[in-house]
Amino acid sequence: SGDDAEFAEFTPFAAREAPIEVSLDKLRDKNKRIKPDIIPFFELFSAIQQPGLTSSDRATLRTEISLRLSLSMACITLGLIGIPLGITAQRRETSVGFAMSLIVGIAYFMMITVAKMMRENSDAVPSVLVWIPNILFIIIGVRQFKKLNRK
């Protein structure tokens, strides 16, 4: 038909399928930095053992393992400090309790963020730094519980 001939003049290429083979090895960058956020937890342990990793890469992987374990303890830690704060704030005002819990939460995650920013610096031992907020807030929580127990 005449309409098809006119359309063919304006269309340089038309196909229902046009498969193109692309090697995935060419798409992958061999020198790409390790992104530990996307590696499953148990595979992090084998990733640390890989030969050819720099000390900063190993520090990053160790920090990721510690970070995941530390964040798992965050609910216990924040609960341990939140219960005494909630009991003492209940005696005062609700807004004071809310403000205190917000400050505690922000302080906790700011400390975690600082440790994450140092994850590549193996001299700063970032895998230990991510545990400092837990240790600090557990100590504060236990002291608050002891204070409440004396009252």
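Residues numbered from 1 in each chain as written. Predicted model: local features only at pLDDT ≥ 70, side-chain atom pairs only at ≥ 80, totals over all residues. Heavy atoms only, no water.

It is worth spelling out the overall build of the chain at this point. Per the secondary structure count, the chain includes 7 helices and 0 strands. Traced from its N-terminal end to its C-terminal end, the chain shows the element sequence α-α-α-α-α-α-α. Among the 151 residues that make up the chain, the fraction classed as buried is 25%. Relative to all contacts within the chain whose residues are 6 or more apart in sequence, the contacts with residues 24 or more apart total 69%. Split by element, the accessible area of the chain, about 11400 Å² in all, is 61% carbon and sulfur. (Helix = DSSP H or I, 4+ residues; strand = E, 2+ residues; numbered from the N terminus. Buried < 20%, exposed > 50% of the residue type's maximum accessible area, 1.4 Å probe, protein only. Contact = heavy atoms within 4.5 Å. Areas by Shrake-Rupley, 256 points an atom, 1.4 Å probe, with all protein chains shown as cover.)

Applying the stated rule across the entire model yields 4 aromatic pairs. Judged by centre distance (5.0 Å) and plane angle (80 degrees), the ring pair of Y108 and F109 falls under edge-to-face. Classification of Y108 as buried rests on a relative accessible area of 0%. Overall, F109 belongs to the partly exposed group, its relative accessible area being 41%. (Phe/Tyr/Trp six-rings, centres within 6.5 Å; stacked < 30°, edge-to-face > 60°.)

The next point concerns the environment of P133. Following the sequence through the fold, P133 ends up in helix 7 (residues 132-150). Residue P133 is classed as buried on the basis of its relative accessible area of 1%. Through-space distance from the C-alpha of P133 to that of L71 is 10.0 Å; in sequence the pair is 62 residues apart. In this structure P133 touches T77, Y108, M111 and I112, once residues within four positions along its chain are discounted.

Grouped together as the largest cluster of nonpolar side chains are 10 residues: L67, A74, I81, L85, V104, Y108, I112, A115, V130 and F137. Among all residues touching A115, those that are not within four sequence positions of it are P126, L129 and V130. Among the nonpolar cores identified, the runner-up in size contains 7 residues, and I39, A47, I48 and L61 belong to it. (Core = buried A, V, L, I, M, F, W, Y, C linked by side-chain atoms within 4.5 Å.)

Throughout the structure, instances matching the rule amount to 3 salt bridges. Notably, a salt bridge pairs E64 with R68, separated by 2.8 Å at the nearest N-O pair. With a gap of 4 residues between them, E64 and R68 both fall in helix 4 (residues 55-91), about one helical turn apart. Salt bridges here are not isolated pairs; linked through shared partners, they connect D37, E64, R68 and R119. (Salt bridge = Lys/Arg side-chain N within 4 Å of Asp/Glu carboxyl O.)

So, on to helix 7. Each α-helix turn comprises 3.6 residues. Residues three or four places apart therefore point the same way. With 19 residues, helix 7 should reach 27 Å at 1.5 Å per residue; the first-to-last C-alpha distance of 27 Å fits that figure. Every buried residue of helix 7 is listed here: P133, N134, F137, G141 and L148. Here the buried residues of helix 7 occupy an arc of 90 degrees about the axis, which is enough to place them on one side. Of the exposed residues in helix 7, those oriented more than 90 degrees away from the buried face are R143, K146, N149 and R150. (Expected span 1.5 Å × (residues − 1). Arc of directions from axis to C-beta.)

This part takes up a positive patch on the surface. On the surface, a cluster of positive charge is made up of R143, K146, K147, R150 and K151. Structurally, R143 can be placed in helix 7. (Patch = residues over 30% accessible without salt bridge, like charges linked within 9 Å, V, L, I, M, F, W, Y side chains within 5 Å. Lys, Arg positive; Asp, Glu negative; His and termini not counted. Charge placed at Lys NZ, Arg CZ, Asp CG, Glu CD.)

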